[in-house]
Amino acid sequence: MRIGKLLLMLTVLVAVPVFAQAPPAASAPPPTLAPAQLDQLVARIALYPDALVAQILAAATYPDQIPDAARWADQHHYLIGQALADAITADQLPWDPSVQALLPFPSVLEMMNSDMRWTTDVGNAFLAQQPDVMDAVQRERKKAYDYGYLRTNGQIVVSGGGPYITIMPVNPGFIVVPYYDPGIVFFAPRAGFVVGGAIRFGFGVSLGLFFRPWGWGPGFGRFDWGAHAVFVNNARWGRTWANRGVYAHPYPGVRRFAPGPRATEGHAVHERSERERSAAREGRRSEEEHRR
């Protein structure tokens, strides 16, 4: 009798498929990070314009989609404006709109894809500790501001007069991607060091009105620092660790496509050259080489 029961139990165990596990939303939250850990985590993006920081934090909550998105952005980097927006829609891309919003920024997606540990960690921290992540961004900005590195210039407007430091583009349709060394700009400058050259603003992306459906535009991507609220596409970002399995942020102008076969591309694919990638990483403009 006991042998029969044992065989029955073994049969049931074998019959259960290996993927019959608790859904991701039921897993335990990540370990709580201390302020110093969060400061280090956000350092590489803390001095980006507010709207770009908001989009990166939102997209990082979908780390599994970043590698494919980075590859697509690299292959279609030569498309800009309306042509790029049309290609994103025509290709029926299955990624969350927050990830698609970064497709005009192949260098940003490359950064995220090249360090998936960081992308996953910052996404998890944003899901589990959103107010703490926002506070960390402000602490890092204050350091850079107090040491004289972060100032208004021809590309960005820095407001440092109140309790919170905001970074806005001079031209709302042109988002600059600054280049800086976190090992320099968050520490007191050594004697004789020229702080004005520590952050480079030579690389940016023109968005215009073409990417409004993905949340780009004046006021569409922003922070309410005092209320610890993040707005993407003019709606408060509400994805958390608890609801990440079902949450869908509102993007009325973006059609969502399920994973699977996509429509045949109607445009050419041209990956960036290593020279182009290096220029973007270092905050420099580069010529579109495939057009030569």
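Description of the structure in this document.

Moving on to the overall build of the protein chain. Along the protein chain, the regular secondary structure elements total 11 helices and 7 strands. Accessible surface, the protein chain: about 14,700 Å² in total, of which carbon and sulfur atoms supply 59%.

This part is about helix H3 (residues 50-60). Counting buried positions over the 11 residues of H3 gives 11, a clear majority of the element. Listed as buried for H3 are Asp 50, Ala 51, Leu 52, Val 53, Ala 54, Gln 55, Ile 56, Leu 57, Ala 58, Ala 59 and Ala 60.

We now examine the nonpolar core. Grouped together as the largest cluster of nonpolar side chains are 77 residues, with contacts concentrated most on Met 112 and Trp 216. At 9 residues, H3 tops the list of elements feeding residues into this core.

This brings us to the sheet that holds strand E7 (residues 235-236). Pairing in this open sheet of 3 strands is antiparallel, and the strands run E5-E6-E7 from one edge to the other. The sheet is open, and its two borders are formed by strand E5 (221-224) and E7, each paired with just one other strand. Where strand E6 (residues 229-232) meets E7, 2 bridges bridge the pair, whose relative direction is antiparallel. Counted as the bridge partner of Phe 231 is Arg 236 from E7.

Bringing the pairing of E5 into the picture now. Every second residue of E5 is oriented toward a common face, the buried set being Gly 221 and Phe 223 and the non-buried set Arg 222 and Asp 224. Looking at chain direction, E5 and E6 are connected through 4 bridges and run antiparallel. Counted as the bridge partner of Asp 224 is Ala 229 from E6.

With that out of the way, let us pick up the side chain of Glu 140. When you line up the elements, Glu 140 lands in helix H9 (residues 130-146). Excluding anything up to four places from it in sequence, Glu 140 contacts Asp 39, Val 42, Ala 43, Ala 46 and Phe 186.

To continue, consider the pairing of strand E1 (residues 156-159). Residues of E1 alternate between two faces, with Ile 156 and Val 158 buried on one and Val 157 and Ser 159 left unburied on the opposite face. Across 4 bridges, E1 lies against strand E2 (residues 166-169) in antiparallel orientation. Across the sheet, the residue bridging to Ser 159 is Thr 166, located in E2. Where E1 folds back on E2, the antiparallel hairpin that results is connected by 6 residues.

Parameters and conventions
- Within every chain, residues take consecutive numbers counted from 1 along the sequence as written.
- Confidence filtering applies because this is a predicted model: local features only for residues at pLDDT of at least 70, side-chain atom pairs given and counted only at 80 or more, and all residues used for totals across whole chains, interfaces and linings.
- Note that the side-chain values use all heavy atoms of the structure and ignore hydrogens as well as water.
- Strands are runs of DSSP state E lasting at least 2 residues, helices are runs of H or I lasting at least 4, and numbering of each runs from the N terminus.
- All accessible areas in this document rest on Shrake-Rupley with a 1.4 Å probe, and a residue is counted as covered only by the protein chains that are shown.
- Relative accessibility under 20% of the residue-type maximum defines a buried residue, over 50% an exposed one, and the middle range a partly exposed one, all with a 1.4 Å probe and only protein chains included.
- Here, the term nonpolar core denotes a set of buried Ala, Val, Leu, Ile, Met, Phe, Trp, Tyr and Cys residues that are joined through side-chain atoms within 4.5 Å.
- We treat two strands as partners when DSSP finds at least two bridges between them.
- It only takes one pair of heavy atoms within 4.5 Å for two residues to be counted as in contact.

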